[in-house]
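Each chain, letter by letter, is given below.
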Amino acid sequence: MIKFRLEERANSPYWLIILSPFIAILVAIILAGILIVLAGANPFQSYYQLIIGAFGSKNSVAETLARATPIILTGLAASIAFRAKFWNIGAEGQLYFGALATTFFGTGLVVLPSILMIPFLFIMGALAGGLLLLPLVLLKLYYKVDEVVTTLLLNFVVVLLVSYLLEGPWKDPMSLGWPQGKSVIEEGVLPQILSKTRLHLGFIISIFFAFSIWFILSKTVIGYRIKSVGLNAAAASHAGVPIFKTVLVVALLSGGMAGMAGVTETAGLKGYLTLDLSPGFGYAGIAVAMLANLNPIGVIFSGVFLASIYVGADAMSRAMNVPTYLADVIVALTVLCILLSLVFVHYKILFFGAKKYD
Amino acid sequence: MIEFIEIIFTAGFWAATIRIACPLILATIGEVLCERAGVLNLGIEGIMSIGAMVGWMTVFLGADLYTGILAALIIGGIFGLIHAIFTVYLGASQHVTGIGITMLASSLGFFCFKLILPASTTPPKIKPFQPIDIPFLSELPFLGPAFFQHTPFTYLAILVVIFAFWLMNSTPLGLSIKMAGENPMALEAQGIDVFLVRTIAVVLGSALMAVGGAYLTLSAFDAFYFGMINGRGWIAIALVIFASWKPERALMGALLFAGLDAYQVRAQQLAGAIIPYQFFLMLPFLLSIVAMVIAAKRTRYPKALLIPFRRGERH
């Protein structure tokens, strides 16, 4: 048995902090490369196809950025929550709740000019996502009911609710039997921002929110409180930080971001609600947040990176006959490698006998 | 109305309860093992998924059913070992590691499934475990068809649970596992390697989870589907909390839960025309949340749960 212990670094070297996510990604890509070899394809050629698929043309860049839109928002949702050590793993459910709100308000119930309609839909989506999380936060705060499990379980409930609504009362009669919602009215549809592509205003909005969340977290009192609650809730409480209020704000912000991801997908990309609206954007958000080290600005880049893996993997799969699930494997490996790199950034590994005790 | 009461007097209901309970029991006992040692294992959902896939694929590729179980056991142990290296030896976040393990195990399972069977639109089937009649007992009226006409995997699962109870309650290792989750410093002071004890618990627990997943593809059904675990792992975690980390209560909780699930399937057939099926499918998840709220007042977490042990550091 190898004997070792971890010693906390007083100061982590800057180059290590900056470099660590890149090393983690590199290791994940190399490990996934082994799987490509197992699939009987050339890993270099496969990754080349992946990059071309994600960034090779105007259309593919637009597709990557469109895919990044909801992932950035769910990444922000995870970043805010994880900073306060509030483990919201329910972004998937909150996203669908935001999409439900978009369908409820956006398909004719409310008609406003575009300039008001779009912000209105975003507010409603954010409220829906936040409100879905609210009872679980209260359960956590009052009864100490573990939020990891409740948020995860609620994801399944919400997806079943969406399934019921789409097969029943909310089914679009014009959809020829497909379970899909009615189309969002013209005033509510997010406009294209690059002609002849699927890239829509949602991308700009998600970047706007990344900067807003960065501002809130690093320049305001509430951001400072969130950070202190995450570092040491007991100490923060003694120092006069209102824990209850802070966690509530965290949850509403986090659920709100995830809810807005539902808005961008319903009012932006598809124009209507479907049961396969999100192929796991909520869970991808966790990977995005970890990769960005919970930094909101970093989330923009890690979101685009993850989106490029997903979009590129489709093209790679077609060209090289490697199953598309490789994208999910790469994302999962990235999460684990990031964790590993965080350990090395914050701790020195001392093998027994390597250090003299004095 | 009387039909809704009659359900619980049918042998089919009790047989279904056992069938639904088996994977949950295995997974819940597995999670209890991990958490009693102080390690939350959120990898459970993915480990069950890859256990289901590997067990099924082993049989599909020509091995016998017992080798399938063994293969699931091994793959579960491997992912448990990865989880333990991260959370026990390196002290990484148990939450994020678990989510990462779930993502990796399930996506790797799907990847391998697609790699071996690229063009299968309808999932191919295997010949799963068949029910065997236990001599004499299976002839009993009602009790026979309810409890003594199950597959060998079911009886095996019951044996595994008995083994887990014995391990936890009557062996030095069981005592060490419980101590690792309550007071690891004291365990270290006894000269016992906390890292090793925790690792053993997580590896064993994860192996049980994978076998629970394999029960679905080798005994309850005959094929592997994407998403077939469908939250069973998360429900198992809720059950652990509901059971206050006690294996015997976890067993009762899983049986109770399975009974409710078996009941709702039958009630759904009676009331299906009135209430949409989605609401019945929501019940297990809502019930799990309710169970956690009920249990919340009296839960006593293992004291060292979520806290990484570091040699030479005081807490």
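Values in this document were obtained by computation on a predicted structure and should not be read as measured data.

Participant: Teacher, can you tell me more about the environment of A:Asn232 here?
Facilitator: Residues and elements named next belong to chain A. Among the secondary structure elements, Asn-232 is positioned in the loop between helix H8 (221-231) and helix H9 (233-238). The exposure class assigned to Asn-232 is partly exposed, which follows from its relative accessible area of 42%. Considering only alpha carbons, one finds Asn-232 and Gly-282, 50 residues apart in sequence, at a separation of 27 Å. Here Ala-235 takes part through its backbone nitrogen, which lies 3.2 Å from a polar atom of the side chain of Asn-232.

Participant: It is not clear to me how the interface of chain B and chain A should be interpreted in this structure. Could you clarify?
Facilitator: When the parts of a complex come together, some accessible area is lost, and that lost area is often used as the size of the interface. Contacts between the two partners involve 47 residues from chain B, matched on the other side by 49 residues from chain A. Interface area, chain B with chain A, both sides summed: about 4,500 Å², of which 83% is carbon and sulfur. On the surface where chain B and chain A come into contact, there are four residue pairs in polar contact (both at pLDDT 80 or more). Per-element tally for the side of chain B that touches chain A: the top contributor is helix H5 (residues 94-116) of chain B, with 14 residues. Its residues assigned to classes, the side of chain B that touches chain A comprises 32 nonpolar, nine polar and six charged.

Participant: Even after reading the chapter, I still don't get the packing of aromatic side chains, so can you show me in this structure?
Facilitator: Aromatic rings in a pair are described by how distant their centres are and how their planes are angled relative to each other. All chains considered together, the criterion is met by 26 aromatic pairs over all chains. Judged by centre distance (4.7 Å) and plane angle (15°), the ring pair of A:Phe156 and B:Phe285 falls under stacked. On the criterion of chain membership, the pair formed by A:Phe156 in helix H6 (residues 147-167) and B:Phe285 in helix H13 (residues 277-296) is interchain, its members lying in two chains.

Participant: Please explain the pattern of salt bridges as it appears in this structure.
Facilitator: Residue and element names in this part refer to chain A. Evaluated as defined, the whole model comprises four salt bridges over all chains. We note a salt bridge from Asp-314 to Arg-67, for which the minimum N-O separation is 3.7 Å. Here Asp-314, found in helix H12 (residues 296-320), pairs with Arg-67, found in helix H3 (residues 58-83); they are 247 residues apart in sequence, far enough to count as distant. Classification of Asp-314 by relative accessible area gives partly exposed; the value is 30%.

Participant: Which parts of the structure should I look at to understand unusual backbone geometry?
Facilitator: Negative phi characterises most residues that are not glycine, and trans characterises most peptide bonds. We note that A:Lys196 has phi near 60°; this positive angle belongs to a residue other than glycine. Note on placement: A:Lys196 falls in the loop between H6 and helix H7 (202-219). A relative accessible area of 78% places A:Lys196 in the exposed class. Located in the positive-phi region is B:Trp245, a residue other than glycine, with phi close to 65°.

Participant: For this particular structure, what's the right way to read the packing of helix H3 (residues 44-60) of chain B against helix H11 (residues 232-242) of chain B?
Facilitator: Residue and element names in this part refer to chain B. Where H3 meets H11, the closest approach of the two axes is 7 Å, and the angle between their N-to-C directions is 130°. If you check the angle between H3 and H11, you find them oblique. With respect to the hand of their crossing, H3 and H11 are arranged in right-handed fashion. When H3 is examined against H11, the residues Ile-44, Glu-45 and Met-48 are found in contact with a partner set consisting of Arg-232, Gly-233, Trp-234, Ala-236 and Ile-237. Residues of the contact of H3 with H11, tallied by class, amount to five nonpolar, one polar and two charged.

How each quantity is defined
- Residues numbered from 1 in each chain as written.
- Chains lettered and ligands numbered in written order.
- Predicted model: local features only at pLDDT ≥ 70, side-chain atom pairs only at ≥ 80, totals over all residues.
- Heavy atoms only, no water.
- Helix = DSSP H or I, 4+ residues; strand = E, 2+ residues; numbered from the N terminus.
- Buried < 20%, exposed > 50% of the residue type's maximum accessible area, 1.4 Å probe, protein only.
- Polar contact = N/O pair within 3.5 Å; in protein donor to acceptor, adjacent residues only side chain to side chain.
- Contact = heavy atoms within 4.5 Å.
- Buried area = accessible area lost by both parts, 1.4 Å probe.
- Nonpolar A, V, L, I, M, F, W, Y, C, P; charged D, E, K, R; others polar.
- Phe/Tyr/Trp six-rings, centres within 6.5 Å; stacked < 30°, edge-to-face > 60°.
- Salt bridge = Lys/Arg side-chain N within 4 Å of Asp/Glu carboxyl O.
- Axes fitted to C-alpha atoms, helices over the stretch in contact; angles between N-to-C directions.
- Parallel < 35°, antiparallel > 145°, perpendicular 65-115°, else oblique.
- Left-handed = near helix turned anticlockwise from the far one by under 90°.

All we've got here are geometric facts, nothing functional implied.
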